[in-house]
Amino acid sequence: ALAGYWDDAMRDALGYELVERDGRHVVEANPAAIRVGAEEITLGGRTNEAGWSLQVPSHLMVVERGTMDQPGGMIPLHIAESAAARVDSLTMDYLSDLNHYTLMLGAGAPLVAAAITSSR
């Protein structure tokens, strides 16, 4: 997911999670636990219910690609668009050329910072 985007800033941010195996750096994590957590966050009933009942101004940033840099992201675009259309306090930005990680660790970081700063 990060191979094409890797730089020193990412290494510094993720270095504590990386281990070297067979000449490659990989994240030392339990894949099953990550899958369960991701499903709970993105598809869980309580998460969806909370999203539909937002009452404070909120901003959803949807990226083009997911955790493995695959097309589609973690939340399908049509679901995010539906939420933004149904919830008056929710605005949404669709950010192409980013994935789940590069939103915060790469080219997307300044966009996130700008969104946070402008919402104050």
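Residues numbered from 1 in each chain as written. Predicted model: local features only at pLDDT ≥ 70, side-chain atom pairs only at ≥ 80, totals over all residues. Heavy atoms only, no water.

**Q** In this structure, what is going on with the overall build of the protein? I would like to understand it.
**A** Of the regular secondary structure elements, the protein holds six helices and four strands. Secondary structure elements of the protein occur, N-terminal to C-terminal, as α-β-β-α-α-β-α-β-α-α. Taking the principal axes of its C-alpha atoms as reference, the protein extends roughly 50 × 30 × 25 Å. Out of the 120 residues in the protein, the part that is buried amounts to 21%. Once local pairs closer than 6 in sequence are excluded, the contacts in the protein between residues at least 24 apart make up 60%. When the accessible surface of the protein is totalled, it reaches about 8,400 Å², and 56% of it is carbon and sulfur. Side chains of the protein carry 8 positive and 16 negative charges; the gap between the two charge centres is 3 Å. (Helix = DSSP H or I, 4+ residues; strand = E, 2+ residues; numbered from the N terminus. Buried < 20%, exposed > 50% of the residue type's maximum accessible area, 1.4 Å probe, protein only. Contact = heavy atoms within 4.5 Å. Areas by Shrake-Rupley, 256 points an atom, 1.4 Å probe, with all protein chains shown as cover. Lys, Arg positive; Asp, Glu negative; His and termini not counted. Charge placed at Lys NZ, Arg CZ, Asp CG, Glu CD.)

**Q** Would you mind showing me how to read the nonpolar core here?
**A** If you look at soluble globular proteins, the nonpolar side chains tend to sit buried side by side. With seven residues, the main nonpolar core is built from Met-61, Val-63, Leu-95, Leu-98, Leu-103, Val-112 and Ala-115. Contributing elements (two or more residues each) for this core: strand S3 (58–63) and helix H6 (109–118). In contact with Met-61, not counting residues within four places along its chain, are Asp-93, Leu-95, Leu-103, Leu-111, Val-112 and Ala-115. (Core = buried A, V, L, I, M, F, W, Y, C linked by side-chain atoms within 4.5 Å.)

**Q** Please explain the pairing of strand S1 (residues 18–21) as it appears in this structure.
**A** Put simply, side chains in a regular strand alternate between the two faces of the sheet. Sheet topology places S1 next to strand S2 (residues 24–27); four bridges connect them, and they run antiparallel. By the bridge assignment for S2, Glu-20 is matched with His-25. The loop that links S1 with its antiparallel partner S2 comprises two residues; one of these, Asp-22, has a positive phi angle of about 50 degrees. (Pairing = 2+ DSSP bridges.)

**Q** Please explain the pairing of S3 as it appears in this structure.
**A** For S3 and strand S4 (residues 90–95), the ladder comprises six bridges, and the chain directions are parallel. Of the residues in S4, the one forming a bridge with Leu-60 is Met-92. Since S3 and S4 lie parallel, the crossover through helix H4 (residues 77–86) that links them has a hand, and here it is right-handed. (Right-handed = clockwise from strand over helix to strand, strands pointing away.)

**Q** Where do I start with the pattern of salt bridges in this structure?
**A** Should their charged atoms come close, side chains of opposite charge can pair. One pass over the structure, following the stated rule, counts four salt bridges. Note that Arg-11 and Asp-8 form a salt bridge whose closest N and O atoms lie 3.1 Å from each other. With Arg-11 and Asp-8 both in helix H1 (residues 8–14) and three residues apart, the pair spans about one turn of that helix. Residue Arg-11 is classed as partly exposed on the basis of its relative accessible area, which comes to 40%. (Salt bridge = Lys/Arg side-chain N within 4 Å of Asp/Glu carboxyl O.)

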